[in-house]
Amino acid sequence: MTVFRRGWAVLLVFLLGLASHPAHAQDANSPGTNATGTTSSSETAGNVQEGTAAQSARQIVDPGPFFAAPMGSQHLFGDWGGIQPWLLKHGIHLLAAVNEEFAGNVTGGKQRAYSDAGQVGVEMDVDWDKLAGIPSFWTHTIIVNGHGDNVSRNFGDQIAGVQEIYGARGNVVAHLVAMWGESAFYHNRIDISAGWIPPGSFFAASPLFCDFMNVAICGNPAPDKYTPGTRDWPSGNLGVVARVMPTPTTYIMGALFAVSPHSFNGGISGWSWAQSGLGKLSTPVELGWLPSFGRNKLVGHYKLGYSYDNSRYPDQYSDMYGGSYQLSGLPARNITGQNNLWIQGDQMLIRNGDGQTNGLILLAGAMYSDGRIVAMRDHTWAGMIETGKAWGRPLDTVGIMWQHFDMSHTVALQQEMSQALGQPYIANQWGTVYGVQSHENTYELFYSMHVARATAVQPDFQYIQRPDATTTFHDAAVLGVQITSVL
């Protein structure tokens, strides 16, 4: 791994050296994750704009979501009395959004429970070329305020929370999600971002994921986003990301992120960047292919990625001699280096209008993590999304998703030892444990209805097989509704 890490250092120095050459402004044509942490396929489909580079060179299309400037997005309150057009003219893209999610299990689980979880988010993306004459430079800031509770925790499932908006935001008025600068060069063939960045918004990312409410897929798939080196929304890591596109339909992207040894990156508020113990690094890399088939331009996104974190983490079962640390009373063995791997893709089969997400789309993928360190070994998913044009509702979206989670053999050995010793189960990255964990399945069906300008109401049904990846509780059926509005 030493050679791997040195190789990334050389690549980064090379890319930064190229940054001194003249460049064009970044193309900003693809929808990303907005201030709610969600992106509606139907809302973003018609909001595609071309940046200066694409208009002048038309060589590289930014595959996104490298930033989420809401250019062209509708707002519930229109143009804010002329304020929005003035801001856009000066390169300031400002978005505020509200998201509320109500959910309750009608059967199964530890107990009947219901809850509301919500968030108010503000995002500002600044084109400094328009604002101050600084070419090819953007800054991006996202701040949120969250409230409510997670109903899944209340009915006994910590693996796949049925509400995406909860946790990690802290009891603060303004939780910092992201604040970074970005510059693109050579007609967008090279893109470099640096600052406070949610790694999962760049790696293993898709704007389709947050059409679904389940947090195990929304934002970024588990288990990668629950590891300290690659945490995702609403957490960030100090880091730098470089993307190179050798052709208009392929890219290679790599990054260096500082790894926080604390439970919350940046503290509970997200503003404490200079935390103690930031000496270790995670180094994700991703290869992507972005084809477009036929005269209807049926777009696809195919990604293969790997991440290595050179921190030291305790083994979930073994002591220094390979036996159970619970039995021996010795400290857990430390393991240097954590590996994550993912492969994913989505493909449009039928086009229903302009935009990269307006049509019938199939998506699938898998993610693996080191089971000696992380309680969830792998996660597999498959789903489908379709817009409502076929039945006269082009701004509506319907989707279905299956997810499967395998917990690690190592954590099962730990839990079996807890049983044998009569001790409480040890909590892991997913929280409280109610039994020996093996696997879990979730199924989700939703219909997002466009009810007003920039506003959607989304009824949602989820079925959780083996809550908390055990047989301790009966399968749970959950009904919910999500309300999202871009102000």
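This text follows the structure it describes.
Residues numbered from 1 in each chain as written. Predicted model: local features only at pLDDT ≥ 70, side-chain atom pairs only at ≥ 80, totals over all residues. Heavy atoms only, no water.

Some thoughts on the overall build of the protein
When helices and strands are tallied, the protein shows eight helices and 17 strands. Evaluated residue by residue, the protein yields a buried proportion of 57% over its 487 residues. Here the analysis covers contacts within the protein between residues at least 6 apart in sequence; of these, 68% occur between residues at least 24 apart. Looking at the protein as shown, the accessible area adds up to about 19000 Å², and 63% of this sits on carbon and sulfur atoms. (Helix = DSSP H or I, 4+ residues; strand = E, 2+ residues; numbered from the N terminus. Buried < 20%, exposed > 50% of the residue type's maximum accessible area, 1.4 Å probe, protein only. Contact = heavy atoms within 4.5 Å. Areas by Shrake-Rupley, 256 points an atom, 1.4 Å probe, with all protein chains shown as cover.)

Focus: the pattern of salt bridges
Applying the stated criterion to the full structure yields six salt bridges. The closest approach of N and O atoms between Asp-149 and Arg-153, which form a salt bridge, is 2.3 Å. Salt bridges linked by common partners bring Arg-377, Asp-378 and Asp-406 together as one network. (Salt bridge = Lys/Arg side-chain N within 4 Å of Asp/Glu carboxyl O.)

Overview of the nonpolar core
Counting residues in hydrophobic clusters, the biggest one holds 32 residues, and the most contacted among them are Phe-202, Phe-203 and Val-241. Going through the elements one at a time, strand 3 (137-148), strand 4 (175-185), strand 6 (237-247), strand 7 (250-258), strand 10 (298-319), strand 11 (332-351), strand 12 (359-369) and strand 13 (376-388) are the ones with two or more residues in this core. It is strand 7 that contributes the most residues to this core, four residues altogether. With near-sequence residues (within four places) excluded, Val-241 lies in contact with Asp-191, Ile-192, Ser-193, Ile-197, Phe-202, Phe-203, Met-253, Gly-254, Ala-255 and Phe-257. One finds Ala-160, Ala-216, Ile-335 and Phe-405 within the second-largest nonpolar core, a separate group that totals 16 residues. (Core = buried A, V, L, I, M, F, W, Y, C linked by side-chain atoms within 4.5 Å.)

A short note on the environment of Gly-388
Position of Gly-388 relative to the elements: it lies in strand 13. With relative accessibility at 0%, the residue Gly-388 sits in the buried group. Considered as a pair, Gly-388 and Asn-352 are 36 residues apart in the sequence and their alpha carbons are 8.6 Å apart.

Some words on the state of the cysteines
The full count for this structure, using the stated rule, is one disulfide. Each disulfide pairs two cysteine sulfurs, and for Cys-210 the partner residue is Cys-218, the sulfurs being separated by 2.0 Å. One disulfide, between Cys-210 and Cys-218, carries an S-S torsion of 95° and so falls in the right-handed class. Residue Cys-210 is classed as buried on the basis of its relative accessible area, which comes to 7%. (Disulfide = S-S within 2.5 Å.)

Structural notes on unusual backbone geometry
The peptide bond linking Ala-222 to Pro-223 adopts the cis configuration, its omega dihedral lying at 5°. Within the fold, Pro-223 resides in the loop between strand 5 (190-197) and strand 6. At the junction of Trp-233 and Pro-234, the peptide bond is cis and its omega measures out at 0° in the coordinates. You can see Pro-234 is positioned in the loop between strand 5 and strand 6. Even without being glycine, Ala-204 reaches a positive phi, approximately 55°. For Ala-204, the location among the structural elements is in the loop between strand 5 and strand 6. With a relative accessible area of 0%, Ala-204 lands in the buried category. With a phi angle near 60°, Arg-466 is a residue other than glycine that sits in the positive phi range. With respect to the secondary-structure elements, Arg-466 resides in the loop between strand 16 (455-465) and strand 17 (476-486).

A word on the environment of Val-259
In this structure, Val-259 sits in the loop between strand 7 and strand 8 (281-289). Residue Val-259 is classed as buried on the basis of its relative accessible area, which comes to 3%. Residues Val-259 and Gly-239, 20 residues apart in the sequence, show an inter-C-alpha distance of 9.3 Å. Not counting the four nearest positions on each side in its chain, Val-259 is found in contact with Pro-228, Gly-229, Asn-237, Gly-277, Leu-278, Lys-280, Leu-281, Ser-282, Asp-309, Ser-311 and Tyr-313.

Things to note about the pairing of strand 11
Within a regular strand, side chains alternate between the sheet's two faces. In this structure, strand 10 lies alongside strand 11, joined through 14 bridges in antiparallel fashion. The partner of Gly-300 across the bridge, within strand 11, is Gln-347. Bridge count between strand 11 and strand 12: eleven bridges; the pairing is antiparallel. Bridge pairing links Leu-341 to Tyr-368 in strand 12. (Pairing = 2+ DSSP bridges.)

Quick look at helix 8 (residues 409-421)
Helix length check: helix 8 (13 residues) gives 18 Å between terminal C-alpha atoms against 18 Å at 1.5 Å per residue, within 8%. Those residues of helix 8 not exposed but buried are Thr-410, Val-411, Ala-412, Gln-414, Gln-415, Met-417 and Ser-418. For helix 8, the elements touching its buried residues are strand 10, helix 7 (325-328) and strand 14 (393-407). Positive phi appears at Gly-422, one or two residues downstream of helix 8, with a value of about 70°. (Expected span 1.5 Å × (residues − 1).)

What to know about the packing of aromatic side chains
Under the defined criterion, the tally for this structure stands at nine aromatic pairs. Judged by centre distance (6.0 Å) and plane angle (90°), the rings of Phe-209 and Trp-381 are edge-to-face. Of this pair, Phe-209 sits in the loop between strand 5 and strand 6 while Trp-381 sits in strand 13; the two residues are 172 residues apart in sequence, bridging distant segments of the chain. A relative accessible area of 1% means that Trp-381 is categorised as buried. Residues Phe-212 and Phe-446 carry aromatic rings whose centres are separated by 5.2 Å and whose planes lie at 90° to one another, so their mutual orientation is edge-to-face. Here the residue Phe-212 occupies a position in the loop between strand 5 and strand 6, and Phe-446 occupies one in strand 15 (residues 439-452), the gap between them amounting to 234 residues. Phe-446 shares its class with Phe-212; the two are buried. (Phe/Tyr/Trp six-rings, centres within 6.5 Å; stacked < 30°, edge-to-face > 60°.)

A few points about the pairing of strand 8
Taken together, the seven bridges between strand 7 and strand 8 define a ladder with antiparallel strand orientation. For Ile-252, the partnering residue across the bridge sits in strand 8 and is Leu-287. Pairing of strand 8 with strand 10 involves eight bridges; the strand directions are antiparallel. Bridge pairing in strand 10 links Leu-287 to Leu-304.

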